[in-house]
Protein chains: 2
Amino acid sequence: MAATGTEAKDLENHHNDCFIQLSNPNIATMKEDVLYHFNLSTSTHDFPAMFGDVKFVCVGGSPSRMSAFIRYVAAELGLDHPGKEYPNICVGTDRYAMYKVGPVLSVSHGMGIPSIGIMLHELIKLLYHARCSNVTIIRIGTSGGIGLEPGSVVITQQAVDECFKPEFEQIVLGKRVVRSTSLDARLVQELLQCSSDLNEFPTVVGNTMCTLDFYEGQGRLDGALCSYTEKDKQVYLQAAHAAGVRNIEMESSLFATMCSACGLRAAVVCVTLLDRLRGDQINTPHDVLVEYQQRPQRLVSHFIKKSLGRI
Amino acid sequence: MAATGTEAKDLENHHNDCFIQLSNPNIATMKEDVLYHFNLSTSTHDFPAMFGDVKFVCVGGSPSRMSAFIRYVAAELGLDHPGKEYPNICVGTDRYAMYKVGPVLSVSHGMGIPSIGIMLHELIKLLYHARCSNVTIIRIGTSGGIGLEPGSVVITQQAVDECFKPEFEQIVLGKRVVRSTSLDARLVQELLQCSSDLNEFPTVVGNTMCTLDFYEGQGRLDGALCSYTEKDKQVYLQAAHAAGVRNIEMESSLFATMCSACGLRAAVVCVTLLDRLRGDQINTPHDVLVEYQQRPQRLVSHFIKKSLGRI
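Predicted, not measured: the structure shown is a model, and the values here were computed from it. (Residues numbered from 1 in each chain as written. Chains lettered and ligands numbered in written order. Predicted model: local features only at pLDDT ≥ 70, side-chain atom pairs only at ≥ 80, totals over all residues. Heavy atoms only, no water.)

Some points on the UniProt feature "binding site: phosphate" (unreviewed entry) in chain A
Moving on, step 1. In this structure's numbering, the residues bearing the UniProt feature "binding site: phosphate" (unreviewed entry) are Arg95(A), Arg139(A), Ile140(A), Gly141(A) and Thr142(A).
Moving on, step 2. Within the secondary structure layout, Arg139(A) lies in strand E6 (residues 136-145).
Moving on, step 3. Excluding anything up to four places from it in sequence, Arg139(A) contacts Val59(A), Gly60(A), Gly61(A), His109(A), Ile116(A), Glu249(A), Glu251(A), Phe255(A), Ala267(A), Val268(A), Val269(A) and Cys270(A).
Moving on, step 4. There is a polar contact of 3.0 Å between the side chain of Arg139(A) and the side chain of Glu249(A).
Moving on, step 5. Examined against the element boundaries, Thr142(A) turns out to sit in strand E6.
Moving on, step 6. Classification of Thr142(A) by relative accessible area gives buried; the value is 16%.
Moving on, step 7. If we skip the residues at most four places from it in the chain, Thr142(A) touches Arg65(A), Glu249(A), Cys270(A), Val271(A), Leu273(A), Gln293(A) and Arg95(B). (UniProt positions renumbered as here; feature names shortened; annotations may be inferred. Helix = DSSP H or I, 4+ residues; strand = E, 2+ residues; numbered from the N terminus. Contact = heavy atoms within 4.5 Å. Polar contact = N/O pair within 3.5 Å; in protein donor to acceptor, adjacent residues only side chain to side chain. Buried < 20%, exposed > 50% of the residue type's maximum accessible area, 1.4 Å probe, protein only.)

Topic: the domain arrangement of chain A
Residues and elements named next belong to chain A.
Moving on, step 1. By domain assignment, chain A separates into domain 1 (27-134) and domain 2 (141-310).
Moving on, step 2. Centre-to-centre separation of domain 1 and domain 2, based on C-alpha positions: 23 Å.
Moving on, step 3. The interface is formed by 23 residues belonging to domain 1 together with 24 residues belonging to domain 2.
Moving on, step 4. Across the interface of domain 1 and domain 2, roughly 2,100 Å² is buried in total on both sides, 77% from carbon and sulfur atoms.
Moving on, step 5. By the criterion of area lost to domain 2, the three top residues of domain 1 are Phe-56, Arg-65 and Ile-113, representing 31% of everything that side buries.
Moving on, step 6. At the boundary of domain 1 and domain 2, one finds one salt bridge.
Moving on, step 7. Between Glu-76 and Lys-305 there is a salt bridge; the shortest N-O distance is 2.6 Å.
Moving on, step 8. It is helix H4 (residues 113-129) that contributes the most residues to the side of domain 1 that touches domain 2, seven residues altogether.
Moving on, step 9. In terms of residue class, the side of domain 1 that touches domain 2 is made up of 16 nonpolar, five polar and two charged. (Domains from an automatic or database assignment. Buried area = accessible area lost by both parts, 1.4 Å probe. Salt bridge = Lys/Arg side-chain N within 4 Å of Asp/Glu carboxyl O. Nonpolar A, V, L, I, M, F, W, Y, C, P; charged D, E, K, R; others polar.)

Some remarks on the packing of aromatic side chains
Moving on, step 1. A complete count under the given rule lists 10 aromatic pairs over all chains for this structure.
Moving on, step 2. With centroids separated by 5.8 Å and ring planes inclined at 75°, the aromatic side chains of Phe38(A) and Tyr96(A) adopt a geometry described as edge-to-face. With a gap of 58 residues between them, Phe38(A) in the loop between strand E1 (34-35) and strand E2 (40-41) and Tyr96(A) in the loop between helix H3 (63-76) and strand E4 (98-101) connect regions that are remote in the sequence.
Moving on, step 3. Exposure remark for Tyr96(A): the relative accessible area of 2% places this residue in the buried category.
Moving on, step 4. The ring of Phe214(B) carries the charged tip of Arg220(B) above its face, separated from the ring centre by 3.8 Å. (Phe/Tyr/Trp six-rings, centres within 6.5 Å; stacked < 30°, edge-to-face > 60°. Lys NZ or Arg CZ within 6 Å of the ring centre and 35° of its normal.)

Description of the pattern of salt bridges
All names here are of chain B.
Moving on, step 1. The full count for this structure, using the stated rule, is 40 salt bridges over all chains.
Moving on, step 2. With a closest N to O distance of 3.5 Å, Arg-278 and Glu-149 form a salt bridge. In this pair, Arg-278 sits in the loop between strand E12 (265-275) and helix H8 (286-307) while Glu-149 sits in the loop between strand E6 (136-145) and strand E7 (153-160), placing the two residues 129 residues apart along the sequence.
Moving on, step 3. Judged by its relative accessible area of 62%, Arg-278 is exposed.
Moving on, step 4. Glu-149 gets classed as partly exposed once you look at its relative accessible area, which sits at 49%.
Moving on, step 5. Note that Arg-295 and Glu-291 form a salt bridge whose closest N and O atoms lie 2.9 Å from each other.

Take a look at the structure:
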């Protein structure tokens, strides 16, 4: 039987939609999927009803920052009203926090690649079970800058490792696996345009170095362990700068790898809290740091409004 | 002038005391040290007054578990009373939570090596600035078991990497550095004896494999990405078992490396939530998991009581 006009259009739309592609054939055959670190399960929660309309996922390290973000974006999208609450969806666990308003999901990921990795495995399966389509995911975080005025925002062109290569190395069943860390180039330009629209703070596009350690791994001189000199540190950071690195954080490479492997359009937008060429300690006044941390939120919120045609 | 009897005894005691040894000469010359992720600073907090009496530090992933632990150990040590509160010392940040009662400090570290690493750098500096001596530090955590009944407790003999080697590899200024992951052998035996004293749950001494990923890194078949078979997984986990590995978690190797480098007597005590030879998902009822997670707390609390001569 030939498809009716409406069915044909549905099929066509469906065909153009970009769904989550798990790189694991096992999941489709599981009767139940327990997302342990979210305290959510397909047998106790209706994922399509809870999350089916999600189009934008914003992730960041701190639970309170991601809670503040959902309030902010709700107000910006006109979805807020007096007395409205945004309960933590991951109730019963303190591993991660998750908030939702309209098409926006806001999730914390803790600090470092292993922590964001657990979250992303479970988040990507959540979006898959919920049959979400055309999802954009953006990490909004903090970082150390290289040669930038503190408070500058960096939109990541490439996430690179400690040797400045756009690669992520992982051990799977005891063997080294190297994966690429590509990000969506068009999304980078769209976000840069949003920053121009706003014209509120300096924003650059640059490479982001992702490390496994905050102190020795980033050449800091103020950790409990340090076996190199200020000069060694400067040589290393200058080499990073020469390789196009403009900021350093601890999650971008795995974030890029996993999102790209599962068909998610992804970007990383981080504010720099200090210039690492000038120091290691973060001793800027608290209220200034709070304002800095709102900058990626303002940029990404503007991007979401624009994407939804609200501007 | 010759020392008086008391002075000589003080000097002798002082000489026998084991202080924190930072592996970084820079710290002693710093005017101020901001422990950013604790929201504490030497210029705004009196570390010797706040922490100088600390003899036992217990660390674990979850902030709420570490809050529950301080209440439990306070009651066990007879330091609790109705209405007593245990405020979070790291107020103003949600990166970590820290609680104290008497000589016991309880600190959360999040999930994974980078997250526990940031915490340990700042914790070790905190203990150094506070001029603490003779400190024992124990990680009380959760893990996946290999060939053990769920709920069994593993006291770590050696923390090993994904290739079962007792090593921790780190990138410092872009170069690979390999460090040993030795733990205090006598402390292992003391803790094992405490479990015998209690006689409440099965406890073994074994190697602990520390990975950077919870899903592919531990051979799970239920992540968003998986490119191997059940058989491949079983071969890998059986090889781990043959190498003496009894449980898998995500922090022990760096914990062992850093504590040993800074003169801290350290141990890792983790309960196993499931047997990985039989499955990947954690779908045990919530109340059973809660009881499992109390087991390392009970064991370590008993150890502290015994060390203080309260038993």
